[in-house]
Amino acid sequence: TQRHNRKEAMAAAQSSIERALELVGLTGVEDKLQDNVRESLEKLRHAGIRIWMLTGDKVETAVCIAVSSRLAERSQQFFTITGLASVADASKRLNALRRRNGEDVVVVDGSSLQIMLDNYPHEFMEQMCRASSAVACRCSPTQKAAIARLVQNQMKKRVAAIGDGGNDVSMIQRANVGIGIPGKEGQQASLAADFSILTFSHLNRLLLWHGRNSYKRAARLSQFIVHRGLIIATIQIVHCAMYYYAAVAVYNSWIQVGYATLFTMLPVFSLVLDEDISEWVADTYPELYRELRKGRSLNTKSFLTWVFKSVYQGTVIMVISIFVLWDDHYFTTMHLSAISFSALVFTELIMIAAEIHKWHYLMILAEAFSTFYPRASKRYW
């Protein structure tokens, strides 16, 4: 528990204990890169993903790993922040880092990292995010979690933490997405993570393919759920407005329940099977992932666009049903409900079909079921 001259005291204790010992044998764990690590990191860089390496190795070992894994290109220079002993030294190195063009790989050791995090957390993380890559050596599990927290809170970035040992658990649990790799050090990281992969090379498929499909499908599904509910609400509002805002339902309760279940549920949820590009294209051209990082598939603009489509289509369906198809001899309120509901269902099916990029046989079955089921349900209208 000694705080002053700790290293000298530890050396003295070791020298007093390690005496007259007989060497029996040596054990060790071979530490080498997995297969296809270089190609994986290169694709992730082309996808616009910033890659940081947080390790417990010493500076020389970490730099060699960064070069061999292509985390740093051979033409890139290393900007080292090591051996800082005071706040003044940290301020000088931070100012020197600001003057760089942001193309260097920043290398920082554990003691210098702690001084930066204690005194200049925001400024240091801002400059680290400007760099092409970063390598943090001699990091403790607490420091790894602190870096993930600062990137999330101060820089407003999403963090995916990848680890294979027990010292990575705190970082994995603190990140937005934790990815564990079972290895020779155990399965603590794999059990604590959100996703578990066998090798590092599987990360490309997880992000570039499954991540793309998850984002695209979730965005399209949420938009159609909003469209499906808002268009029938608009029809009801227009119907009430046409009859001097009388509280008269255009459809009976069973039809409204059937609209959300039997008539439109299968086509809408079949959108989770859609694929805008093939897996080969996503893996061959990782630059396509950059477009997803802009968040254009689901933002305020896209939401307002779908709200406008819903209001416009619902208004047109009800206005045409009343003013164009109305006839005092043959057209009744029952006919109004039947015609407008058929137009509503067909509009939803056409909108879904127009958004599909690659047809799946389940999509075709869902569209066919929703198209022909209203004919068998005329007795409920």
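In this report, we go over the structure that sits alongside the text.

Each value, and the rule that gives it
Residues numbered from 1 in each chain as written. Predicted model: local features only at pLDDT ≥ 70, side-chain atom pairs only at ≥ 80, totals over all residues. Heavy atoms only, no water. Phe/Tyr/Trp six-rings, centres within 6.5 Å; stacked < 30°, edge-to-face > 60°. Helix = DSSP H or I, 4+ residues; strand = E, 2+ residues; numbered from the N terminus. Buried < 20%, exposed > 50% of the residue type's maximum accessible area, 1.4 Å probe, protein only. Contact = heavy atoms within 4.5 Å. Pairing = 2+ DSSP bridges. Right-handed = clockwise from strand over helix to strand, strands pointing away. Axes fitted to C-alpha atoms, helices over the stretch in contact; angles between N-to-C directions. Disulfide = S-S within 2.5 Å. Left-handed = near helix turned anticlockwise from the far one by under 90°. Nonpolar A, V, L, I, M, F, W, Y, C, P; charged D, E, K, R; others polar.

**Regarding the packing of aromatic side chains**
So, step 1. According to the stated counting rule, one finds six aromatic pairs in the structure shown.
So, step 2. For the ring pair Trp280 and Tyr285, a centre distance of 6.4 Å and an interplane angle of 85° mean the geometry is edge-to-face.
So, step 3. Taken together through their ring pairs, the aromatic side chains of Tyr251, Tyr259, Phe263 and Phe341 make up a single cluster.

**Let's talk about the side chain of Arg212**
So, step 1. Positionally, Arg212 belongs in helix α10 (residues 202-242).
So, step 2. For Arg212, a relative accessible area of 8% corresponds to the buried category.
So, step 3. Apart from the residues lying within four places of it in its own chain, the contact partners of Arg212 are Leu207, Asp276, Ile277, Leu288, Tyr289 and Leu292.

**Describing the pairing of strand β3 (residues 105-108)**
So, step 1. Alternating residues of β3 divide into Val105 and Val107 and Val106 and Val108, and every residue in both groups is buried.
So, step 2. Of the pairings in the sheet, the one linking strand β2 (residues 78-81) to β3 comprises four bridges and is parallel in character. Paired with Phe78 across the two strands is Val105, which belongs to β3.
So, step 3. Handedness of the crossover joining β2 and β3 through helix α4 (residues 87-98) is recorded here as right-handed.
So, step 4. For β3 and strand β4 (residues 133-136), the ladder comprises four bridges, and the chain directions are parallel. Looking at the pairing, Val105 lines up with Ser133 of β4.

**Focus: the sheet that holds β3**
So, step 1. The strand order across the open sheet formed by four strands is β1-β4-β3-β2, and the pairing between neighbours is parallel. Either end of the sheet is taken by a strand with one partner, and the two such strands are β1 (51-54) and β2. Averaged over all neighbouring strand pairs, the angle between strand axes comes to 15°, with direction disregarded.
So, step 2. Sitting on the sheet, helix α5 (residues 110-119) touches β2, β3 and β4, and the angle it makes with β3 is about 100°.

**Structural notes on the side chain of Lys144**
So, step 1. Considering the arrangement of structural elements, one finds Lys144 in helix α7 (residues 141-153).
So, step 2. The class for Lys144 is buried, based on a relative accessible area of 3%.
So, step 3. What Lys144 contacts, discounting residues up to four positions off in sequence, is Leu54, Thr55, Cys139, Asn167, Asp168 and Met171.

**Regarding α5**
Since one α-helical turn is 3.6 residues long, residues separated by three or four positions face the same way.
So, step 1. All buried positions along α5 are accounted for by Gly110, Ser112, Leu113, Ile115, Met116 and Leu117.
So, step 2. Looking at the buried residues of α5, the elements they touch are β2, α4, β3, α6 (121-130), β4 and α7.

**A word on the state of the cysteines**
So, step 1. Scanning all chains against the criterion turns up zero disulfides.
So, step 2. Here Cys64 is not disulfide-linked; the sulfur of Cys137 is the nearest cysteine sulfur, at 11 Å.
So, step 3. A disulfide-free cysteine, Cys129 has its sulfur positioned 15 Å from the sulfur of Cys139, the nearest such atom.

**Description of the packing of α10 against helix α15 (residues 300-324)**
So, step 1. Running from amino to carboxyl end, α10 crosses α15 at an angle of 40°, the nearest separation of the two axes being 8 Å. The hand of the α10/α15 crossing is right-handed.
So, step 2. The residue makeup of the contact of α10 with α15, split by class, is 16 nonpolar, nine polar and one charged.

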